[in-house]
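One letter stands for each residue in the lines below.
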Amino acid sequence: MTAGYSNILPFCAAALLAGAQTTWAHDHHGANMNFDTGESIGAILKIHIILMSLSFGLLFPIGLVLGLKKNRWHVPVQATGGVLAIIGFVLGHAHGGRAFPDNAHSKFSWFMLWLLVAQLSAGGYLKVHTERRFNDKARPYIKIAHKYMAILMIIVSYAQILLGVIAYLGYCYDKYLGQCLAHLIMGSSFIAYGIWHLLLLRLATPWLNRFGRSPELYDSVMITTWGLFNTFTEHNFLGNSDGWSHKDLQHTSLGIIWFCGGLLSTYMLRKAGPTERSMFPAIILMVTGCAMGIHEQDTEFSTRVHFVFGLTLVLAGFTRCLEILLITTNLIRSGSKIPNPFQYLPSFFLCHTGMMLMSAIRQNIHAIDDIGIDIGTYSLGYMSISFLLYFYAYFLIQLFSELSKRQDKNTMLPSSEDDIAYHTVTQVSEIRSISEEDSRRDPHVLFDADAEDAYDGHGSDSDSVYQRVGTANSIPQSSDAIELGPMSRI
């Protein structure tokens, strides 16, 4: 039944969007007025916010993890998220209450919905399994597109939620746009940097070993690229500039040091293996934090906020240096499946750095200062948000890891079509030894392209294990078999 709904849902959504684009002319978007009218946002818009937060912020990321591990709950979770997103989209263009000026959130929503339609349509197509009826040459390409559209959906969902918060608060209009974009882009980059470190810590050790590169090599390349971009965008080198301001010099100098330091680290690690490490990326973070900590602002409160931001970045770099020192002196085992608790600190401080930088938007600082909130309360509040963000990222990675372990256990005793396992005692022993050997060889693979349709009942890892054992023993399945009981599948 769920598969049927997943096939119908994309066509309903496409029809709804096609009609909506030609008929809706909502007066509450695109109006040239101040957002802060004191008018209530209304119950309909509140429901829109809740539904969109549940679908794009909760269900779709969880559905992506379930889909990567071929879990049977992938389709129900994604279908539920799709229904909530479509309802929320309708309510977002039908609400009364407060009027909003023309904003990127409302415009970007159309791209989000069409991406959702494409994603659900590809999922419904794959669920039909046309390859069982004819030679479907398009299926492998649709399968790849479906996977990467899901990953793209997570990225653009973050951007759309951030744009929604900005539209709700009324920030980043007119003269504040450039300063706002700089803080949001850099802050989001630090958050992504922290989550990347968490991902490498928990799941990507086999991937790094397979490529044979130092973990800091990827950091160095990213720092070099971002430094080059930041150097030529802060002062508007490509356009007409009116001379160098104090902030131009500060921000451009940070881009230069990122480029130079990253270039040095990249060259030193160009041939380094996974066990060779470098502290230069962490030192660049510490120097940047020191510079931002003494970054003079137009108000005292803003200066203190930048000091907390710089202090957090220094802590991120310092803990990273200490982690590398402990690993290279063998006080922490880098190949352990369970990371040392200390290793989580650099990635958390990087996430908190990004959160503090995004909060330092000039309009937000002035609004907080006018309320009378002190720097201590302000810092604790945003650290609470950072804890929630880090918890959610850790939860998704832990869910992926737990599903991987369960998948490994289920390959140990493959079942027949009626979910009953029939194997000889010798075959059971062989199956267990082969499965344990495979799990030890590569326990955490991020994207398993060879097990695409495992949870749909064909081409599973269980069948391949059985074939290997049956071939090795040359024993037919029907001979001297014993019934081991019903087996469940994910």
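Quantities reported herein were computed from a predicted structural model and do not represent experimental measurements.

### Here we look at the side chain of Arg320
- Note that Arg320 resides in helix H11 (residues 300-328).
- With near-sequence residues (within four places) excluded, Arg320 lies in contact with His197, Glu216, Asp219, Arg277, Ala282 and Pro346.

### Here we look at the nonpolar core
- Among the nonpolar cores identified, the biggest contains 58 residues, and Phe190, Val305 and Tyr378 are the most heavily contacted of them.
- The element contributing the most residues to this core is helix H14 (residues 375-410), with ten residues.
- Phe190 has contacts with Trp258, Leu285, Phe309, Leu313, Leu350, Cys351, Thr353, Gly354 and Leu357, leaving out every residue within four places of it along the chain.
- One finds Ile86, Trp110, Leu115 and Leu116 within the second-largest nonpolar core, a separate group that totals 16 residues.

### Topic: the state of the cysteines
- One pass over the structure, following the stated rule, counts one disulfide.
- A sulfur-sulfur distance of 1.6 Å marks the disulfide that ties Cys172 to Cys180.
- According to the relative accessible area criterion, Cys172 is buried, its value standing at 11%.

### Some words on the confidence of the model for the protein
- With 70% of its residues at a pLDDT of 70 or more, the protein shows a mean pLDDT of 76.
- Ranking the helices and strands of the protein by mean pLDDT puts helix H12 (residues 344-359) first, with 94, and strand S2 (residues 482-486) last, with 39.
- Predicted confidence for residues 1-35 stays below pLDDT 50, and this span has 65 contacts to residues more than four positions away or in other chains.
- Confidence drops under a pLDDT of 50 for residues 413-431, and excluding neighbours within four residues, the segment shows 55 contacts in the predicted structure.

### Brief notes about a nonpolar patch on the surface
- Among the surface-exposed residues, Ile257, Leu264, Met268, Met279, Phe280, Ile283, Val287 and Leu325 lie close enough to one another that they form a single nonpolar patch of about 620 Å² accessible area.
- Mapping Ile257 onto the fold places it in helix H9 (residues 246-268).
- Ile257 gets classed as partly exposed once you look at its relative accessible area, which sits at 34%.

### Some words on the packing of helix H6 (residues 177-202) against helix H8 (residues 215-231)
- As a packed pair, H6 and H8 sit with axes 12 Å apart at the nearest point and diverge in direction by 170°. Judged by the inter-axis angle, H6 sits roughly antiparallel to H8. Facing H6, whose interface residues are Ile185, Met186, Ser189, Tyr193, Trp196 and His197, H8 presents Tyr218, Asp219, Met222, Ile223 and Trp226.
- Partitioning the contact of H6 with H8 into residue classes produces eight nonpolar, two polar and one charged.

### Topic: H11
- Counted at 1.5 Å a residue, the expected span for H11 with its 29 residues is 42 Å, and the 42 Å between its end C-alpha atoms agrees.
- Residue Asn330 follows H11 closely and has a positive phi angle near 65°.

### Some words on the pattern of salt bridges
- The full count for this structure, using the stated rule, is four salt bridges.
- The salt bridge partner of Arg304 is Glu300, with a shortest N-O separation of 2.7 Å. Pair noted here: Arg304 and Glu300 are both in helix H11, with a separation of four residues, about one helical turn.
- One continuous salt-bridge network, built from bridges that share partners, spans Glu216, Arg277, Arg320 and Glu323.

Calculation criteria
- Residues numbered from 1 in each chain as written.
- Predicted model: local features only at pLDDT ≥ 70, side-chain atom pairs only at ≥ 80, totals over all residues.
- Heavy atoms only, no water.
- Helix = DSSP H or I, 4+ residues; strand = E, 2+ residues; numbered from the N terminus.
- Contact = heavy atoms within 4.5 Å.
- Core = buried A, V, L, I, M, F, W, Y, C linked by side-chain atoms within 4.5 Å.
- Buried < 20%, exposed > 50% of the residue type's maximum accessible area, 1.4 Å probe, protein only.
- Disulfide = S-S within 2.5 Å.
- pLDDT = per-residue confidence, 0-100.
- Patch = residues over 30% accessible without salt bridge, like charges linked within 9 Å, V, L, I, M, F, W, Y side chains within 5 Å.
- Areas by Shrake-Rupley, 256 points an atom, 1.4 Å probe, with all protein chains shown as cover.
- Salt bridge = Lys/Arg side-chain N within 4 Å of Asp/Glu carboxyl O.
- Axes fitted to C-alpha atoms, helices over the stretch in contact; angles between N-to-C directions.
- Parallel < 35°, antiparallel > 145°, perpendicular 65-115°, else oblique.
- Nonpolar A, V, L, I, M, F, W, Y, C, P; charged D, E, K, R; others polar.
- Expected span 1.5 Å × (residues − 1).

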